[in-house]
Each structure stands twice: as structure tokens, then as C-alpha cells.
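As a plain string of letters, each chain reads:
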Amino acid sequence: MRIIGLKLKPAVLLNLAASVLAGVFAQLLMKYGVNGLKGARGGAAAAAKTGLHAPGVSAGAEAGTVATGIIKAAKILYIIFSDKFVIAGIILYLVSMFFWIKVLSKIDLSVAYPFVSVGIVLTVLLASAALGESVPPMRWLGIFVTLCGVYITVSSHDETVNN
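Here the structure is a predicted model, which is why all the values come from computation and not from measurement.

### Looking at the layout of surface pockets
- Each pocket or cavity is described by its volume, and for the largest pocket that value is around 270 Å³.
- Forming the walls of the largest pocket are 14 residues, and the residues nearest its centre are Val20, Gly23, Val24, Tyr93 and Val116.
- Taken together, the residues that form the lining of the largest pocket break down as eight nonpolar, six polar and no charged.

Here it is, written out as C-alpha cells:
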């Protein structure tokens, strides 16, 4: 199958698409999951609200100790990794990695990697549509430039792809 002047076997193209799409949806799931964890960020008020300070110690009294910092980090990691959407995103990243390795076994990294930029573009588009994120005009311009770069990079590659 020919994409942007590049010959790719259908199986390679499907693996490439699966890898990129799994990565996109992994990002969206993790963002959706951490949106519910915003209380876990920032300052003593957030720490008190989420219980991220050591038992029996006020949030202000513990701010300077290394041990307390480690405890806070561990509790934040626990909260993050106990969210089902974050876990689903991590699992999708593993799926993405599986397909990516299959792609790399068939084509040059210099051919495959520009397609990751397509995933970045899709992530921005879906974050805007599904998560309601604002995408200002300059970011849209950046997306356009990114897609142009993918086109130039991939179409300039000779057709000696070993797939």
C-alpha cells in the first residue's frame, strides 16, 4: 500500500496505525483520570484536602523534611495508580509498544517515527473534542506545520523499506 509516496505492506500499516492510535487513547485516558486528581497537586491546602500529609503532623510542619517529601510522593503515586483510567492508559501504552516493536522489525525507524507526530496531532484534536481543551490558533498552526514535516520526512525517504 502506498502512503505519501512510501510503499508499506498492509500489515505494517495496520501495526503502525494500531500503535499510534493506542498511544493517542492512552494519553486521553490518563488525562481524563488525572483530571479527577487535581486536589492531589499544590500546597498545604491540597495536601490537607487529600490527606497527603503524614498522620499526626500538620501540612505546614512537615514541609521541610526529606522523609515527608518521600511519603507525599508515594501517596501521590498511590492515588494516581489507583485510578482506573490511568491504569487503562498505561495498559494501552503497553499495547502501543507491542505494535510499535512489530513496526520497527519491518521498517526503518527514520520512516516509522514521523508517524508518531500524527499521534500528537490526533491527541490534540481529540483532547479538544473529548476533553474540551482549548486549542488557540497558534497551536493549530503548529499542528499544520507538524503534518507538513511528516509529509516531507516520509515522502523524501527512498523506497528501500524492508517490509
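### So, the packing of helix 6 (residues 114-131) against helix 7 (residues 137-155)
- With their axes 9 Å apart at the nearest point, helix 6 and helix 7 run at an angle of 160° to one another. The orientation of helix 6 relative to helix 7 falls into the category roughly antiparallel. In this structure, helix 6 meets helix 7 at a crossing whose hand is left-handed. Seen from helix 6, the contacting residues are Pro114, Phe115, Ser117, Val118, Val121, Val124 and Leu125; seen from helix 7, they are Trp140, Ile143, Thr146, Leu147, Val150, Thr153 and Val154.
- When its residues are assigned to classes, the contact of helix 6 with helix 7 shows 11 nonpolar, three polar and no charged.

### Side note on the packing of helix 1 (residues 10-35) against helix 4 (residues 84-104)
- Closest axis-to-axis distance for the helix 1/helix 4 pair is 7 Å, and the angle between their directions is 160°. Here helix 1 lies roughly antiparallel to helix 4, going by the angle between them. Seen along the crossing, helix 1 lies across helix 4 with a hand that is left-handed.
- Residue composition of the contact of helix 1 with helix 4, by class: 20 nonpolar, seven polar and one charged.

### Quick notes on the environment of isoleucine 107
- Looking at the element boundaries, isoleucine 107 is found in the loop between helix 4 and helix 5 (109-112).
- Considering only alpha carbons, one finds isoleucine 107 and leucine 8, 99 residues apart in sequence, at a separation of 8.6 Å.

### With respect to the packing of aromatic side chains
- Considering all chains together, one arrives at three aromatic pairs under this definition.
- Between the aromatic rings of tyrosine 32 and phenylalanine 85, the centroid separation amounts to 4.7 Å while the plane-to-plane angle is 80°, which identifies the pairing as edge-to-face. Here tyrosine 32 is found in helix 1, whereas its partner phenylalanine 85 is found in helix 4, with 53 residues between them in sequence.
- Classification of phenylalanine 85 by relative accessible area gives partly exposed; the value is 28%.
- Summarising the aromatic geometry, the rings of phenylalanine 98 and phenylalanine 99 are spaced 5.3 Å apart at their centres and angled 70° between planes, so their arrangement reads as edge-to-face.
- With a relative accessible area of 23%, phenylalanine 99 lands in the partly exposed category.

### Quick look at the side chain of serine 19
- With respect to the secondary-structure elements, serine 19 resides in helix 1.
- Since its relative accessible area comes to 4%, serine 19 is described here as buried.
- Sequence-distant contacts of serine 19, that is, excluding residues within four places in its chain, are made with Ser96, Phe99 and Trp100.

### A word on the nonpolar core
- The biggest cluster of nonpolar side chains holds 12 residues, and these are Leu8, Val12, Leu13, Leu16, Trp100, Val103, Ile107, Val111, Ala112, Phe115, Val150 and Val154.
- Elements with a minimum of two residues in this core: helix 1, helix 4, helix 5 and helix 7.
- Of the residues forming this core, the biggest block, three residues, is contributed by helix 1.
- Excluding anything up to four places from it in sequence, phenylalanine 115 contacts Leu16, Val20 and Val154.

Reading guide: rules and limits
- Residues numbered from 1 in each chain as written.
- Predicted model: local features only at pLDDT ≥ 70, side-chain atom pairs only at ≥ 80, totals over all residues.
- Heavy atoms only, no water.
- 1 Å grid on protein atoms, 1.4 Å probe; cavity = no way out; pocket = protein on both sides within 12 Å on 5 of 7 lines; lining within 4 Å.
- Points joined across faces, edges and corners; volume = space filled by probe spheres on them.
- Nonpolar A, V, L, I, M, F, W, Y, C, P; charged D, E, K, R; others polar.
- Axes fitted to C-alpha atoms, helices over the stretch in contact; angles between N-to-C directions.
- Helix = DSSP H or I, 4+ residues; strand = E, 2+ residues; numbered from the N terminus.
- Parallel < 35°, antiparallel > 145°, perpendicular 65-115°, else oblique.
- Left-handed = near helix turned anticlockwise from the far one by under 90°.
- Contact = heavy atoms within 4.5 Å.
- Phe/Tyr/Trp six-rings, centres within 6.5 Å; stacked < 30°, edge-to-face > 60°.
- Buried < 20%, exposed > 50% of the residue type's maximum accessible area, 1.4 Å probe, protein only.
- Core = buried A, V, L, I, M, F, W, Y, C linked by side-chain atoms within 4.5 Å.

In short, geometric facts, not functional conclusions.
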